[in-house]
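Chains, contacts and geometry: an overview
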Amino acid sequence: MPSTKPPSGTRDYLPETVAKRRYVVAKIENVFQRYGFLPLETPAIENLTTLLGKYGEEGDQLLFRLLHRGDKLTRALEKQAPEAEDLAELGLRYDLTVPLARVVAQYGNSLPRMFKRYQIQPVWRADRPAKGRFREFYQCDVDLTGTTSLLAEAEVMNAVSSALLELGFSNFSIALNHRVILRSMIGTAGIDPGLEASALIAIDKLDKIGVDGVQAELTQRGIAEESAQGLLALTSAAADNHSALETLRGQLWQPEAQQALNELETLLSLTGDAPAGSHIRLAPALARGLSYYTGPIFEVVSTDFSGSLGGGGRYDNLVGMFSNKQVPAVGFSLGLERILLLMEERDMFPALQLTARVMVCVLPDTPLPPAVGLASRLRQAGVTVEVYPEQSRLKRQLSAAAAQQIPYALILGPDEVERQRYTLKNLATGEQQALGEGDLIAALQPKTPPQAA
């Protein structure tokens, strides 16, 4: 027999899990909409030419590629030494940022000049599955294109902070850095500009493999040990934001680095009285491995959990890869799976009503059309109703309602249908009442206890 498990790194979502996911997504969507962001959806499949070269060398290795079909695949396999590009021209969406850049390039003339969009869809990465890390997972992105103003960074950081606060998170920080500062650190440490990408990839692993691990990887990537030590010393975070800024001002002599530090100082000021303000922490070691970032970068971290709940930054050159027009942009992405896992572990979900409010139990010899009609009218009145699909013994029907944690059973026998007074049973207390249709609707309204007939 074939295995019934889903592919490694993916999951089935049973009803309780789906309800929790929808609860979280609804909260996030509500916040993003309040900030003026508009919804967008893009295909799960993208051209490989769209995806390749946007995520760095390691990111490109994690793309799920879709093989050619039929004759095209056969012809590719007949080649003496077929290469990857011979076998596939499509791939699964790796993130939501590159598709946004493609959309802005494609529809730029019909979109607002400053386009605020949010997108909540699954992405796929051929990564090694682990706790909280999946090959198929949802991202919740919020982006603003068309402006270089630092107000854009402030908007996305505040929107993400508001969403996390509304979900019940409080002990989190938004680690903040700047790609120009990182580049200046690499130069100050005496690292060849040609090794900049390799240095960034290694530094991005600091929270995973520690200082010793990063230093070893830097040297393995061809960086001198003294330069590796110098870079790690520069990335050591100061105790507070003000101290970090002043320390870096004294260490980095490049004019562009001083300008980047001024931008970070401005961001701290812009968010001072906003939701993100009390959560922002300058983090000189923050690298963000994706290669398309050009300015401020940020990541949600906490001492309460390992890893990140999300991240983002400014990417002013990405849209230009798809058109002859440069469009500045900045965005922030939340990892839905990590959020759900933490909320589950910490019992942060409210009581969610997954099942119907009442089950209609139709006794044998009872005409079915009146039962279906009554159930329909209850639904029209806003009551969630399940009709037991078989006219079996009442005990079996009540047991089914109790097993599904449905609070009420509506018992319909021939007498109830004839008198149009229906027996409503509270399955928790055992109390039964005979109610007319109007009183029945009133009794079954959510959080309204039934009144005696």
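Structural data are supplied above this passage.
1. Focus on the overall build of the protein chain
- Each helix and strand counted, the protein chain has 18 helices and 16 strands in total.
- For the protein chain, whose C-alpha radius of gyration is 28 Å, the value lies well above the compact-globule estimate of 22 Å for 453 residues.
- For the C-alpha atoms alone, the extent of the protein chain along its principal axes is close to 90 × 65 × 45 Å.
- Taken over 453 residues, the protein chain has a buried fraction of 48%.
- Of all intrachain contacts in the protein chain linking residues separated by at least 6 positions in sequence, the fraction that spans at least 24 positions is 67%.

2. Some details on the layout of surface pockets
- What the second largest pocket holds in volume is close to 290 Å³.
- Taken together, 18 residues make up the lining of the second largest pocket; nearest its centre are Val104, Gly108, Asn109, Lys325 and Val327.
- Counting residues per element, the lining of the second largest pocket draws most heavily on helix H6 (residues 97–107), which supplies three residues.
- Class assignment of the residues belonging to the lining of the second largest pocket gives a composition of eight nonpolar, eight polar and two charged.

3. Some details on the packing of helix H15 (residues 368–380) against helix H18 (residues 437–444)
- For the pair H15 and H18, the least separation of the axes is 10 Å and the interaxial angle reads 50 degrees. Classified by the angle between their axes, H15 and H18 sit oblique to one another. At the point where H15 passes H18, the crossing takes the right-handed sense. Side by side, H15 and H18 meet where Leu374, Arg377 and Leu378 of the first sit next to Glu437, Leu440, Ile441 and Leu444 of the second.
- Within the contact of H15 with H18, the residues separate by chemical class into five nonpolar, no polar and two charged.

4. Remarks on the side chain of Gln119
- The topology assignment puts Gln119 in strand E5 (residues 115–124).
- With relative accessibility at 0%, the residue Gln119 sits in the buried group.
- Separated by 2.9 Å, the side chains of Gln119 and Thr42 make a polar contact.

5. Let's talk about H15
- Here H15 spans 19 Å end to end across 13 residues, near enough to the 18 Å set by a 1.5 Å rise per residue.
- Inspection of H15 places Ala371, Leu374, Ala375 and Leu378 among the buried residues, and these make up the whole buried set. Taken end-on, H15 shows its buried residues confined to a sector of 100 degrees, consistent with a single buried face. Along H15, the residues that are exposed and aim more than 90 degrees away from the buried face are Pro369 and Gln380.

6. Quick word on the packing of aromatic side chains
- In this structure the tally under the stated criterion is seven aromatic pairs.
- Relative to Phe332, the ring of Phe298 has its centre 4.9 Å away and its plane inclined at 25 degrees; by these criteria the two rings are stacked. Pair noted here: Phe298 is in strand E9 (residues 296–302) and Phe332 is in strand E11 (residues 329–335), with a separation of 34 residues, a long-range link. Like Phe298, the residue Phe332 is buried in the burial classification.
- Among the aromatic residues, those joined into a ring-pair cluster are Tyr55, Tyr94, Tyr292, Tyr293 and Tyr315.

7. As for the pattern of salt bridges
- Applying the stated criterion across every chain yields a total of 17 salt bridges.
- A salt bridge links Asp143 to Arg117, with the nearest nitrogen and oxygen atoms 2.6 Å apart. One end of the pair, Asp143, is in strand E6 (residues 136–145); the other, Arg117, is in strand E5, with 26 residues separating them in the sequence.
- A single network of salt bridges, built from pairs that share partners, joins Arg11, Arg21 and Glu337.

8. Details of unusual backbone geometry
- For Gln405, which is not a glycine, the phi torsion comes out positive at approximately 60 degrees.
- Mapped onto the elements of the fold, Gln405 is located in the loop between helix H16 (394–403) and strand E14 (408–412).
- Since its relative accessible area comes to 68%, Gln405 is described here as exposed.
- Even without glycine at this site, Gln420 takes up a positive phi of about 55 degrees.
- Mapped onto the fold, Gln420 is located in the loop between helix H17 (414–419) and strand E15 (422–426).

9. Details of the sheet that holds strand E16 (residues 432–435)
- Here five strands make up an open sheet; going across it, the order is E13-E12-E14-E15-E16 and the pairing mixed. Strand pairing shows two members of the sheet lacking a second neighbour, strand E13 (385–387) and E16, which therefore form its edges. Here the average twist between neighbouring strands, direction ignored, is 25 degrees.
- As judged from the four bridges shared by E15 and E16, these two strands associate in the antiparallel manner. When the bridges of E16 are listed, Leu424 appears paired with Gln433.
- Sheet strands in contact with H18 are strand E12 (358–362), E14, E15 and E16, and its direction is about 20 degrees off that of E15.

10. Regarding helix H10 (residues 206–220)
- Along its 15 residues, H10 runs just 15 Å from first to last C-alpha, ending more than 12% under the 21 Å computed at 1.5 Å per residue.
- Approximately 75 degrees is the largest bend angle found in H10, and it occurs at Asp212.
- Looking at the buried positions of H10, the neighbouring elements they touch are helix H9 (196–203) and helix H11 (225–234).
- Two residues or fewer past H10, Gly222 is found with a positive phi of approximately 95 degrees.

The rules behind the values
- Numbers given for residues are sequential positions, taken from 1 along each chain in its written order.
- Totals for whole chains, interfaces and linings use all residues, but because this is a predicted model, local features are given only for residues with pLDDT of at least 70 and pairs of side-chain atoms are given and counted only at 80 or more.
- Just so you know, side-chain values use all the structure's heavy atoms and leave hydrogens and water out.
- In this description a helix means any DSSP run of H or I spanning at least four residues, a strand means any run of E spanning at least two, and both kinds are numbered starting from the N terminus.
- The reference for a compact globule is 2.2 Å times residues^0.38; the radius of gyration itself is calculated from the C-alpha atoms.
- Any residue under 20% of the maximum accessible area for its type is buried, any over 50% is exposed, and the rest in between are partly exposed; the area is computed with a 1.4 Å probe on protein chains only.
- We call two residues contacting when some pair of their heavy atoms lies within 4.5 Å.
- As defined here, a cavity is a set of points on a 1 Å grid over the protein atoms alone where a 1.4 Å probe fits but cannot get out. A pocket is an open set with protein on both sides within 12 Å along at least five of seven lines, and residues line them when an atom is within 4 Å of a point.
- Grid points are joined across faces, edges and corners, and a volume is the space filled by probe spheres set on the points.
- Any residue outside Ala, Val, Leu, Ile, Met, Phe, Trp, Tyr, Cys, Pro, Asp, Glu, Lys and Arg is labelled polar, Gly included; the first ten of those are nonpolar and the last four are charged.
- Only C-alpha atoms enter the line fits that serve as axes; for helices the fit covers just the stretch in contact. Angles between N-to-C directions range over 0 to 180 degrees.
- Each angle receives one of four descriptions, namely roughly parallel if under 35 degrees, roughly antiparallel if over 145, roughly perpendicular if within 65 to 115, and oblique otherwise.
- For a crossing to be left-handed, the near helix must be turned anticlockwise from the far one by less than a right angle; the clockwise case is right-handed.
- Here a polar contact means two N or O atoms within 3.5 Å. Within protein one must be a hydrogen donor candidate and the other an acceptor candidate, and residues neighboring in sequence count only if both atoms are side-chain atoms.
- By this rule, a helix spans an expected 1.5 Å times one less than how many residues it contains.
- Summarising the geometry, the arc corresponds to the directions from the helix axis toward the C-beta atoms.
- Geometry of aromatic contacts follows a simple scheme: Phe, Tyr and Trp rings, the Trp one being its six-membered ring, pair when their centres are within 6.5 Å, and the pair is stacked under 30 degrees between planes, edge-to-face over 60, tilted otherwise.
- Salt bridge, as applied in this entry: a Lys or Arg side-chain nitrogen positioned within 4 Å of an Asp or Glu carboxyl oxygen.
- Any two strands with at least two DSSP bridges between them are considered paired.
- In this scheme, the bend at a residue equals the angle between the axes fitted to the seven residues that finish there and the seven that begin there.

In short, the description is geometric, and any link to function would need to be established separately.
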